[in-house]
Amino acid sequence: MADPDPITPTPPTPLSSSPSSSIPSPLTGIACARHAIRKFLPTPLAPSVIRGVLEDAQAAPSNANTQPWTVHVVSGATRDRLSAGLLKAHDEGRFSYDFPYGVADLSEGIHLARAHDFAATFYGAVGVARSDRAARTARTRANLEFHGAPHAAFLFMPMFGDGVRVAADVGMYAQNFLLSLTARGLGGIPQAVLGFHADTVRDILNVPEELKLLFGISFGEIDRTAPENTFRMGRAPLTQTVTLHDTPGVL
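Residues numbered from 1 in each chain as written. Predicted model: local features only at pLDDT ≥ 70, side-chain atom pairs only at ≥ 80, totals over all residues. Heavy atoms only, no water.

**Q** Outline the overall build of the protein, supporting the account with residue identities and numerical values.
**A** Of regular secondary structure, the protein possesses eight helices and four strands. Starting at the N terminus, the α and β elements of the protein follow one another as α-α-β-α-α-α-β-α-β-α-β-α. Its C-alpha atoms give the protein a radius of gyration of 19 Å, within 12% of the compact-globule value 18 Å for 251 residues. Judged by the C-alpha coordinates and their principal axes, the protein covers about 55 × 50 × 40 Å. Within the protein, the fraction of its 251 residues that count as buried is 38%. Once local pairs closer than 6 in sequence are excluded, the contacts in the protein between residues at least 24 apart make up 84%. For the protein, the exposed surface amounts to about 13700 Å²; the carbon and sulfur share of it is 57%. Charge separation in the protein, taken as the distance between the mean sites of 21 positive and 23 negative side-chain charges, equals 4 Å. (Helix = DSSP H or I, 4+ residues; strand = E, 2+ residues; numbered from the N terminus. Rg over C-alpha atoms; globule rule 2.2 N^0.38 Å. Buried < 20%, exposed > 50% of the residue type's maximum accessible area, 1.4 Å probe, protein only. Contact = heavy atoms within 4.5 Å. Areas by Shrake-Rupley, 256 points an atom, 1.4 Å probe, with all protein chains shown as cover. Lys, Arg positive; Asp, Glu negative; His and termini not counted. Charge placed at Lys NZ, Arg CZ, Asp CG, Glu CD.)

What follows is the structure, given as structure tokens:
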């Protein structure tokens, strides 16, 4: 896949500029503080902390309370063995997608522009030039090393129908997981790329074929000195994403 065209990074956009944004909820600080972490400290988390995050995630809503997520958490030797397997599959070009996805699927328009903006902002933050193929490759491989995180959670799902509603349920589980990490002063990053080698993950973790890998979340203590963690991406204003019907005074 070709690299995105050069683009000047845009500064972060506040989550909202509406009058109601001046009345924060208890969730506001956590939701706004959460961001993708791309460099972790290697220190393992205490078992009680991991359990707490999993319990918070388990409180997520789901269609008819089906709770369709199956989660595999890897640490220690299993984490290292899985990372090695993912890197080998990547280097040998053995991709196995349960749910294909890439920037090329975005076509033209605002979604592609946002993806390009992210790439420019990220690579600018870490000092990697567009022409530096070796450094970009190293960044790709860092995903498969879980960005140094001591733990990773792999989110599997059954295929009911076309899977869209099931994936939505798993997404709500993942959001709870990520917000719980943030509330505890920890970090995480949801990684679609971990699903690009679904067969490798299933083989190493002994997961049955009928469970499909949506994505993974690397998590742990944040390396607060790393340039990878210093930038923030903005969000579109509500006027671009919300249409109100007989709901005056909001935007």
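Next, the rest of the story.
**Q** Describe in detail the confidence of the model for the protein, supporting the description with residues and values.
**A** Mean pLDDT over the protein stands at 89; residues scoring 70 or higher make up 90%. Residue range residues 1-20 is modelled with pLDDT below 50. Its contacts to residues more than four positions away, or to other chains, number 35 contacts. (pLDDT = per-residue confidence, 0-100.)

**Q** Please provide a residue-by-residue account of the sheet that holds strand 1 (residues 70-75), values included.
**A** One open sheet accounts for four strands, arranged 1-2-4-3; its pairing is antiparallel. Strands with a single pairing partner mark the edges of an open sheet, and in this sheet they are strand 1 and strand 3 (187-191). Along the sheet, successive strands turn relative to each other by an average axial angle of 20 degrees, direction set aside. Where strand 1 meets strand 2 (residues 151-157), six bridges bridge the pair, whose relative direction is antiparallel. (Pairing = 2+ DSSP bridges. Axes fitted to C-alpha atoms, helices over the stretch in contact; angles between N-to-C directions.)

**Q** An account of the packing of aromatic side chains is requested, with residue identities and associated values reported.
**A** We describe a pair of aromatic rings using the distance from one ring centre to the other and the angle between the two ring planes. According to the stated counting rule, one finds nine aromatic pairs in the structure shown. When the ring of Phe122 is compared with that of Tyr123, the centres are 5.1 Å apart and the planes differ by 55 degrees; the resulting orientation is tilted. Among the residues examined, Phe122 registers a relative accessible area of 7% and is labelled buried. In this structure Tyr123 comes out as buried when scored by relative accessible area, which is 16%. Taken together, the ring pairs in this structure connect Phe118, Phe122, Tyr123 and Phe231 into an aromatic cluster. One cation-aromatic arrangement involves Arg38 over Phe122; the distance from NZ or CZ to the ring centre is 5.3 Å. The cationic tip of Arg136 hangs over the ring face of Tyr123; the distance from NZ or CZ to the ring centre is 4.1 Å. (Phe/Tyr/Trp six-rings, centres within 6.5 Å; stacked < 30°, edge-to-face > 60°. Lys NZ or Arg CZ within 6 Å of the ring centre and 35° of its normal.)

**Q** With reference to specific residues and values, describe the environment of Glu108.
**A** In this structure, Glu108 sits in the loop between helix 3 (76-91) and helix 4 (110-125). Since its relative accessible area comes to 68%, Glu108 is described here as exposed. Residues Glu108 and Gly93, 15 residues apart in the sequence, show an inter-C-alpha distance of 27 Å.

**Q** Would you mind going over unusual backbone geometry in detail, with residue names and values included?
**A** The phi dihedral of Ala64 falls on the positive side, at around 55 degrees, and the residue is not glycine. One non-glycine residue, Asp246, adopts positive backbone phi at about 50 degrees. Summarising the element assignment, Asp246 is placed in the segment after helix 8 (238-241).

**Q** Break down the nonpolar core for me, citing the residues and quoting the values.
**A** Of all hydrophobic cores here, the largest spans 23 residues; its most connected members are Leu82, Leu86, Phe146, Phe154, Phe156, Val201 and Leu205. Those elements that place two or more of their residues in this core are helix 3, strand 2 and helix 7 (198-205). Not counting residues up to four positions away in its chain, the partners in contact with Leu82 are Val74, Phe146, Phe154, Val201, Ile204 and Leu205. Among the nonpolar cores identified, the runner-up in size contains 21 residues, and Leu45, Val166, Phe177 and Leu214 belong to it. (Core = buried A, V, L, I, M, F, W, Y, C linked by side-chain atoms within 4.5 Å.)

**Q** Account for the pairing of strand 4 (residues 212-220), naming residues and giving values.
**A** Within strand 4, nine of the nine residues are buried, which leaves it mostly tucked inside the rest of the structure. Bridging between strand 3 and strand 4 involves five bridges; their strand directions are antiparallel. By the bridge assignment for strand 4, Gln191 is matched with Gly216.

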